[in-house]
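Residue-level structure breakdown
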Amino acid sequence: PLRRQRQMCIRDSIEAVLHDAGFRVERRDGLGSTVVLDGLSAGEIDVAVDYSGTLWAHHLGRTGTAPGDEVIREVCAWLADRDQVGCVGALGFENAYALAVRSGDARTRGWRTVADLAPDAPGLSIGADYEFFQRPEWAAVRASYGLAFAREATFDPSFLYEAVGTAEVDVVTAYTSDGRVAAFDLTILEDPRGALPPYDALLLIGADPPPGVAEALRPLLGAISVEAMREANRRVDVDHATPAASARWLRAAEVTRGGRR
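Residues numbered from 1 in each chain as written. Predicted model: local features only at pLDDT ≥ 70, side-chain atom pairs only at ≥ 80, totals over all residues. Heavy atoms only, no water.

1. Re the confidence of the model for the chain
Predicted confidence across the chain gives a mean pLDDT of 88, with 94% of residues reaching 70 or more. Confidence drops under a pLDDT of 50 for residues 1-5, and excluding neighbours within four residues, the segment shows 12 contacts in the predicted structure. (pLDDT = per-residue confidence, 0-100. Contact = heavy atoms within 4.5 Å.)

2. Some points on the state of the cysteines
Applying the stated criterion to the full structure yields one disulfide. Shown here is the disulfide that connects C76 with C87, its sulfur atoms set 2.2 Å apart. One quick way to see it: the torsion about the S-S bond of C76 and C87 is about -100 degrees, and its sign makes the bridge left-handed. Note that C76 is positioned in helix α4 (residues 68-83) and C87 in strand β2 (residues 86-94), a separation of 11 residues in sequence. The exposure class assigned to C87 is partly exposed, which follows from its relative accessible area of 26%. (Disulfide = S-S within 2.5 Å. Helix = DSSP H or I, 4+ residues; strand = E, 2+ residues; numbered from the N terminus. Buried < 20%, exposed > 50% of the residue type's maximum accessible area, 1.4 Å probe, protein only.)

3. Here we look at the sheet that holds strand β5 (residues 151-154)
As summarised here, the arrangement of the five strands in space is β5-β4-β6-β3-β7, forming an open sheet in which the pairing is mixed. Taken across any chain shown, the strands that pair with only one partner, and hence form the sheet edges, are β5 and β7 (186-188). Looking at each pair of strands side by side, their axes are set apart by 35 degrees on average, direction ignored. With two bridges joining them, strand β4 (residues 125-128) and strand β6 (residues 171-175) adopt parallel strand pairing. Bridged to G127 within β6 is V172. Sitting on the sheet, helix α8 (residues 157-165) touches β3 (97-102), β4, β6 and β7, and the angle it makes with β6 is about 140 degrees. (Pairing = 2+ DSSP bridges. Axes fitted to C-alpha atoms, helices over the stretch in contact; angles between N-to-C directions.)

4. Here's the deal with unusual backbone geometry
Although it is not a glycine, D185 sits at a positive phi angle of roughly 55 degrees. Of note, D185 is situated in the loop between α9 (180-183) and β7. Given the relative accessible area of 47%, D185 is considered partly exposed. Not every positive phi belongs to a glycine, and H240 is a case in point at roughly 60 degrees. Of note, H240 is situated in the loop between α11 (226-237) and α12 (243-257). H240 gets classed as exposed once you look at its relative accessible area, which sits at 65%.

5. Brief notes about α4
Here α4 is 16 residues long and its end C-alpha atoms lie 22 Å apart, about the 22 Å a rise of 1.5 Å per residue gives. What α4 keeps buried is the set V71, I72, V75, C76, L79 and D83. An end-on view of α4 places all buried positions within 120 degrees of arc, on one side of the element. Exposed residues on α4 whose side chains face more than 90 degrees from its buried face are D69, R73 and D81. (Expected span 1.5 Å × (residues − 1). Arc of directions from axis to C-beta.)

6. What to know about the sheet that holds β2
On the basis of which strands lie adjacent, the open sheet formed by three strands has the order β1-β8-β2 and antiparallel pairing. Taken across any chain shown, the strands that pair with only one partner, and hence form the sheet edges, are β1 (47-51) and β2. Put simply, the sheet's adjacent strands are angled 25 degrees from each other on average, direction ignored. Where β2 lies against strand β8 (residues 200-205), five bridges are found, and the strand directions are antiparallel. Bridge pairing links E94 to D200 in β8.

This is the structure:
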C-alpha cells in the first residue's frame, strides 16, 4: 500500500542518519502500531515513527481532540509512564486525516470547510480506506458537523484518490501530506471545529536504546516540512520512484534547507 511506502521513505531517511552516526541498522517493516509499541517497550525495537493522532485515538482511546502541542505532550507522557518509551520529538510534518473534494466542485459549490459541505452531504458519496469508518476520528468529524452521506464506500488506498478524481465518489478521506492531492487536483477542506486530531510524525525510542541513538536523531527534529514530505510522497505515488530514491531526495532537501526550522 502507498501509505506503507511513505512510511518506508521516512524509515530510509532515519536509517541513513543512523548509518552515518556509526550504527548498524536492522529493518522491521510491515508492523502495526500496537506491535511496534510492544517492541519498543520490550527493548526489541530501538527506533520507530508513529503519529500523534494514532496514539491519541487508538491507544489512549481519546474521542475528542486538542491542539497539536498538547496532544504530543500527553501522548509522550503516556508512553513514558506506561511503556518506558521515549519521545525524541516531532519530525516537523503532519500526516493528518482530512476530507478532500475535486477542486472544481469546491469552487462551484462554495465548499471551503467541512461545515460548508455538511448541508450537501445527504446527496453525496464518500470514500475512505478500509479502516477509517471504524476509527474514532470518523465518529468525531461526523458528530461535529452532522455529516450524513448518501453512500459510504471503502477502497484500497492505492485507488482512493482515483475514485474521487473520476467521480466514482464525491468526497474522500485524504492525508494532508499526500502528493496525490495536487496530482488529482483536489482541495483539502478546512476543519474549523477541530474535529480531527493532529497527526504529527513522532520519533520514538525504545526502553533500552543503544547509547547515542537519541542524540544522533536530534538533527531530524523539525527538519522535514510538510511541503517536502508532499513532494517526496508525490515522487513515490505519482512518479513511481522507490521509497529509497525518494528518501535520498528528501535527505538532500533537508541538507539544502539547513536542518531544523
